[in-house]
Amino acid sequence: MDEYRIALIPGDGIGPEVIAPAVEVLAAAGKKFRRRFTFTMLEAGGAAIERYGLPLPEGTVEAAAECGALLLGAVGGPQWDNLPGSGRPERALLDLRKELGVFANLRPAVLRPQLRDVCPLKKELVQDGFDLLIVRELTGGLYFGDRGRGADGRSAFDMESYSAVEIERVLRAGYEAALRRRKKLTLVDKANVLETSRLWREVNGEVMGDYPGVAVDFLYVDNAAMQLVRAPGKFDVIVTSNLFGDILSDEASALTGSIGMLPSASLGAAPGASSGGQRFGIYEPIHGSAPDIAGKDMANPLGAILSAALMLRYSFGLEEEALAVEAAVTAVLEAGLRTADIARGSTKPAGTRKMGAAVAEALAG
Ligand code: NAD
């Protein structure tokens, strides 16, 4: 039986509550498809600060790198808010991403027909739901460029800088994702103003020929922001820079109704022959540790469960298993089960554990 090694960092607040159902669902998938998933439990964030005095204890990165993928809950909480930046729980995330070399952040935003009533857009705009994927460059651009103040402190600058290598690798991640989906890619930029955007288009011109099956179009970011609320169903894969991706992915997530539904994948280099087809990635729901509902069995575990599905697809190449997990989530929603964040009207909300168990059961079939 094939073995797939998974590092787990449940983290803080609702992190452990949503990771437990994700593991339960993976176990059900392993049983059904005869795959052996093994788990290495690691600590980071607030839990690690309490135990070791550090948000990312020594050896954590190395232990994670020995696995094929990392599944993470969430980190942070008010009890650590007064620590200096480098000692805060969230620092662990930045260091993990950097040290583990993940540069492409994939954020699918899906409005399932069953959840149309939790979408803030008018019904007629989202009649058929939508299913789009934002691929955001994660380790370059404005957030990592030089920044500073002028001599008198009354002027400031932040530099946007991209190399062709950084652009090419994230574009390729976008094209590969598009090939698995509806084969449409939209490059979002501001090429009418920014030189970096013009380089993105130039590199895209060099890369797109390798993916003849994918239809490409271009949108300026201001127009893309508008199209997202006018016709989200038109998009398949959006590829964009760190800054634009940050903003657009939050906009897209708001359209799905609850932050608790959304998964993410952060991917590194494409697999080489020596890795047996496995590609390392960090998988996490996009929400935080939600201290307001932690410990109350109220968190929606579907973002974490769907993150596990992305892990099966992108790190382990287990497409059938990934689809089965996603279908189990759909089946449970179809049956009417809702956690509090997506319950409307007279629906009695299900707890985190009940929701997780229902997905595992639907998968086992
Ligand atoms: P949050 O995402 O934790 O919570 C925002 C709101 O959404 C809250 O009302 C919360 O109850 C709700 N919510 C979040 N996840 C939910 C789920 N699965 N089911 C139902 N409701 C859910 O954001 P925040 O309140 O700004 O941050 C709380 C802490 O989390 C902070 O310490 C922050 O730094 C940290 N944080 C961590 C990550 C991460 O680990 N990736 C991301 C964002 C924030």
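Remember, it's a predicted structure, so these values are computed and weren't measured experimentally. (Residues numbered from 1 in each chain as written. Predicted model: local features only at pLDDT ≥ 70, side-chain atom pairs only at ≥ 80, totals over all residues. Heavy atoms only, no water.)

K.L.:
An account of the sheet that holds strand 9 (residues 215-220) is needed here, citing residue identities and associated values.
P.N.:
Judged by pairing direction, the sheet is mixed, and its 10 strands sit side by side in the order 2-1-3-12-11-4-5-10-8-9 without closing on themselves. Of all the strands in the sheet, just strand 2 (36-41) and strand 9 have a single pairing partner and so form its edges. Each strand of the sheet is rotated relative to its neighbour by a mean of 25°, with strand direction disregarded. The pairing of strand 4 (residues 104-111) with strand 11 (residues 263-267) spans three bridges and is classified as antiparallel. The residue bridging Asn105 from the neighbouring strand is Ser266, located in strand 11. Packing of helix 6 (residues 195-207) onto the sheet brings it into contact with strand 5 (130-137), strand 8 (184-189), strand 9 and strand 10 (237-240), and relative to strand 8 it is tilted by some 155°. (Pairing = 2+ DSSP bridges. Helix = DSSP H or I, 4+ residues; strand = E, 2+ residues; numbered from the N terminus. Axes fitted to C-alpha atoms, helices over the stretch in contact; angles between N-to-C directions. Contact = heavy atoms within 4.5 Å.)

K.L.:
Talk me through the pattern of salt bridges; I want residue IDs and the actual numbers.
P.N.:
Pairing is possible between side chains of opposite charge, provided their charged atoms come close. Summed over the entire model, instances satisfying the criterion amount to 24 salt bridges. Linking Asp210 and Arg172 is a salt bridge whose minimum nitrogen-to-oxygen distance equals 3.0 Å. You can see Asp210 sitting in the loop between helix 6 and strand 9 and its partner Arg172 sitting in helix 5 (residues 164-180), a full 38 residues away along the chain. Among the residues examined, Asp210 registers a relative accessible area of 49% and is labelled partly exposed. Of the charged contacts, one joins Arg201 and Asp189 as a salt bridge, the two residues approaching to 2.7 Å between their closest N and O atoms. In this pair, Arg201 is assigned in helix 6 and Asp189 in strand 8, connecting sequence segments 12 residues apart. (Salt bridge = Lys/Arg side-chain N within 4 Å of Asp/Glu carboxyl O. Buried < 20%, exposed > 50% of the residue type's maximum accessible area, 1.4 Å probe, protein only.)

K.L.:
Explain the domain arrangement of the protein chain to me, using residue names and the numbers behind them.
P.N.:
According to the domain assignment, the protein chain consists of domain 1 (1-108 + 259-365) and domain 2 (120-255). Look at where the C-alpha atoms of domain 1 and domain 2 centre, and you get two points 24 Å apart. At the junction of the two partners, domain 1 supplies 15 residues and domain 2 supplies 17 residues. Carbon and sulfur atoms supply 60% of the area buried between domain 1 and domain 2, which totals about 1400 Å² over both sides. Contact with domain 2 buries area across many residues of domain 1, yet Phe103, Asn105 and Arg107 alone supply 43% of it, more than any other trio. Taken together, domain 1 and domain 2 are joined by three salt bridges. In this structure, the salt-bridge partner of Asp250 is Arg107, at a minimum N-O distance of 3.7 Å. Taken together, domain 1 and domain 2 are joined by five residue pairs in polar contact (both at pLDDT 80 or more). Those elements that provide at least two residues to the side of domain 1 that touches domain 2 are strand 4 and helix 9 (302-314). With five residues, the single largest contributor to the side of domain 1 that touches domain 2 is strand 4. (Domains from an automatic or database assignment. Buried area = accessible area lost by both parts, 1.4 Å probe. Polar contact = N/O pair within 3.5 Å; in protein donor to acceptor, adjacent residues only side chain to side chain.)

K.L.:
Explain the site of the ligand to me, using residue names and the numbers behind them.
P.N.:
In the vicinity of the ligand lie 20 residues, with Val75, Glu90, Gly288, Ala290 and Asn300 positioned nearest. At 2.4 Å, a side-chain N or O of Glu90 approaches an oxygen atom of the ligand. Contacts to the ligand include Asn300, whose backbone N or O atom sits 2.8 Å from a nitrogen atom. Out of a free accessible area of 810 Å², the ligand has 68% covered by protein chains. Looking at side-chain class alone, the shell around the ligand contains nine nonpolar, seven polar and four charged residues. (Near = heavy atom within 4 Å. Areas by Shrake-Rupley, 256 points an atom, 1.4 Å probe, with all protein chains shown as cover. Nonpolar A, V, L, I, M, F, W, Y, C, P; charged D, E, K, R; others polar.)

K.L.:
Lay out the side chain of Ser253 in plain terms, naming residues and giving numbers.
P.N.:
One can find Ser253 in helix 8 (residues 242-255). For Ser253, a relative accessible area of 9% corresponds to the buried category. Apart from the residues lying within four places of it in its own chain, the contact partners of Ser253 are Leu262 and Ile286.

K.L.:
I'd like to hear about the pairing of strand 3 (residues 69-74), residue by residue, with values.
P.N.:
Judged by how many residues are buried, strand 3 sits mostly within the fold: six of six residues are covered. Examined bridge by bridge, strand 1 (residues 3-11) and strand 3 share five bridges and lie parallel to one another. The residue bridging Ile6 from the neighbouring strand is Ala69, located in strand 3. Note that strand 3 and strand 12 (residues 281-285) share two bridges and pair parallel. Looking at strand 12, one finds that Leu71 is bridged to Tyr283.

K.L.:
Describe in detail the nonpolar core, supporting the description with residues and values.
P.N.:
One finds Phe37, Leu71, Leu106, Tyr283, Tyr314 and Phe316 to be the most contacted residues of the largest nonpolar core, which totals 92 residues. Top element by residues in this core is helix 9. It accounts for 10 residues. Residue contributions to this core reach at least three from each of two domains, namely domain 1 (1-108 + 259-365) and domain 2 (120-255). For Leu71, the residues in contact, after removing those within four places along its chain, are Ile6, Ala7, Leu8, Ile9, Ile19, Ala22, Leu26, Tyr283, Ala304, Ser307 and Ala308. The next biggest cluster of nonpolar side chains, apart from the first, holds 19 residues, and it includes Leu42, Ala44, Val61 and Ala64. (Core = buried A, V, L, I, M, F, W, Y, C linked by side-chain atoms within 4.5 Å.)

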